[in-house]
Amino acid sequence: MAESPTNGRKVAAGGRENGPITRAVVLAAALEIVDRDGVDGLSMRRLADEVGRDPMVIYRHVPNKAAVLDGVAEIVFAQLKVDPTDIDWTAQLRAVARGFRKLALAHPGVVPLLVTRPLATPLGMRPRAVVRPLEDVLGLLTGAGFAGADALHIYRALFGFLYGHILNELQELVENPEETDEVLRLGLHRLPIGEFPLLRELAPILASYDGAVELERGLDILLAGLTATLTTPVRPGESCA
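The structure presented is a predicted model; accordingly, all values stated were derived computationally and were not measured.

1. Brief notes about helix α8 (residues 148–170)
With 23 residues, α8 extends 33 Å between its outermost C-alpha atoms, agreeing within 8% with the 33 Å of an ideal straight helix rising 1.5 Å per residue. Listing the buried residues of α8 in full gives D150, A151, I154, Y155, L158, F159, L162, H165, I166 and E169. On its buried face, α8 sits against α5 (89–106), α6 (111–116), α7 (128–143) and α12 (211–229).

2. A few points about the pattern of salt bridges
Taken as a whole, this structure holds 10 salt bridges when the rule is applied. Two residues, R94 and D220, come together in a salt bridge whose shortest N-O distance is 2.4 Å. Here the residue R94 occupies a position in helix α5, and D220 occupies one in helix α12, the gap between them amounting to 126 residues. Given the relative accessible area of 34%, D220 is considered partly exposed. A salt bridge links D136 to R132; the shortest N-O distance between them is 3.4 Å. Of this pair, D136 and R132 both sit in helix α7, 4 residues apart, which is roughly one turn of that helix. The exposure class assigned to D136 is buried, which follows from its relative accessible area of 13%. Judged by its relative accessible area of 45%, R132 is partly exposed.

3. Re the nonpolar core
Core analysis: the largest hydrophobic core is formed by 57 residues, its most contacted members being L47, W89 and L93. Other than its neighbours up to four places away in sequence, L93 contacts V137, L140, L141, I154, L158 and L223.

4. Remarks on the packing of aromatic side chains
One pass over the full model with this rule turns up 5 aromatic pairs. Here F100 and F159 contribute two aromatic rings whose centre-to-centre distance is 6.0 Å and whose plane-to-plane angle is 80 degrees, an arrangement assigned as edge-to-face. A residue pair is termed long-range when its members are at least 10 positions apart, and F100 in helix α5 and F159 in helix α8 qualify at 59 residues. Considered together, F100 and F159 belong to a single accessibility category, that of buried residues.

5. Some points on the packing of α5 against α8
Contact geometry of α5 with α8 gives a least axis separation of 11 Å together with a crossing angle of 35 degrees. Here the hand of the crossing between α5 and α8 comes out right-handed. Contacts between α5 and α8 involve W89, L93, V96, A97, F100, R101, A104 and L105 from the former and I154, L158, F159, L162, Y163, H165, I166, E169 and L170 from the latter. Class assignment for the residues of the contact of α5 with α8 results in 14 nonpolar, 1 polar and 2 charged.

6. Quick word on a nonpolar patch on the surface
Judged by side-chain polarity, F196, L199, L202, I205 and L206 come together as a nonpolar surface patch covering roughly 400 Å² of accessible area. Inspection of the secondary structure assignment puts L202 in the loop between α10 (197–201) and α11 (203–207).

7. Things to note about the environment of L206
Within the secondary structure, L206 sits in helix α11. We classify L206 as partly exposed; its relative accessible area is 33%. As a C-alpha pair, L206 and E182 span 24 residues in sequence and 8.2 Å in three-dimensional space.

8. Quick notes on the side chain of E169
Structurally, E169 is set in helix α8. In this structure E169 touches R101, L105, Y209 and G211, once residues within four positions along its chain are discounted.

9. As for the confidence of the model for the chain
Atomic detail in the predicted coordinates should be set aside for any region of low pLDDT. In this model, the chain carries an average pLDDT of 85, and 85% of its residues clear a pLDDT of 70 or more. Below pLDDT 50 for its whole length, residues 1–15 participates in 27 contacts with residues either more than four positions away or in separate chains.

Here is what the cut-offs are and how they apply
Residues numbered from 1 in each chain as written. Predicted model: local features only at pLDDT ≥ 70, side-chain atom pairs only at ≥ 80, totals over all residues. Heavy atoms only, no water. Helix = DSSP H or I, 4+ residues; strand = E, 2+ residues; numbered from the N terminus. Expected span 1.5 Å × (residues − 1). Buried < 20%, exposed > 50% of the residue type's maximum accessible area, 1.4 Å probe, protein only. Contact = heavy atoms within 4.5 Å. Salt bridge = Lys/Arg side-chain N within 4 Å of Asp/Glu carboxyl O. Core = buried A, V, L, I, M, F, W, Y, C linked by side-chain atoms within 4.5 Å. Phe/Tyr/Trp six-rings, centres within 6.5 Å; stacked < 30°, edge-to-face > 60°. Axes fitted to C-alpha atoms, helices over the stretch in contact; angles between N-to-C directions. Left-handed = near helix turned anticlockwise from the far one by under 90°. Nonpolar A, V, L, I, M, F, W, Y, C, P; charged D, E, K, R; others polar. Patch = residues over 30% accessible without salt bridge, like charges linked within 9 Å, V, L, I, M, F, W, Y side chains within 5 Å. Areas by Shrake-Rupley, 256 points an atom, 1.4 Å probe, with all protein chains shown as cover. pLDDT = per-residue confidence, 0-100.

Structural data, given as structure tokens:
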């Protein structure tokens with residue numbers, strides 16, 4: 001943020017003060033703040049400073065902070081692409097999972113919003129960009145021959161797994177990063193060995209956590225389980241015989 005030579009107010013990088021202020025501009029600035037300082041770093045005053053305008057200008061486009069948070073989740077979800085025409089539903093779900101992880105790692109401060117903000121609003125009142133992945137995944141799976149109810153179960157299982165995976169990956173911490181002994185690195189020496197023998201035994205695996213590898217392994221398990229337990233889909237025009 002640079003000081004304006006004319007009035008002493010902060011002007012956002014890129015000269016937003018000189019351009020038109022729209023809802024998209026406001027939300028893009030909010031995303032920059034959350035990326036930089038987290039959700040707790042976002043306020044309407046800071047947002048006004050980021051765009052180089054009086055706070056009242058901001059309120060013309062977003063009525064309150066809650067609306068800003070919803071909008072930030074919306075513009076990130078809008079970047080998640082699902083191809084409902086893909087003839088390989090498992091490959092497409094893998095692509096969606098990888099895309100979601102990529103977005104989450106690019107915007108870790110937004111992850112709590114992606115997980116919680118949509119749930120605070122009835123489904124039909126959520127922004128279209130937030131609902132679109134659900135519609136497209138349902139289209140993908142029903143197009144593959146799954147019943148609507150099964151398609152919905154698959155969506156819920158997939159995104160429940162993704163939310164948990166991302167939260168776990170972003171919070172994976174070690175006590176002593178420079179320590180070569182995995183037990184000490186993870187701080188497992190603080191736990192009574194008699195009560196937690198398996199955690200100590202698995203210390204090398206726990207210490208070598210790789211988010212990308214864990215995602216693929218989790219998808220292997222999830223998709224194999226879904227394929228085995230759900231009714232085998234039959235495409236329109238194909239025979240069940």
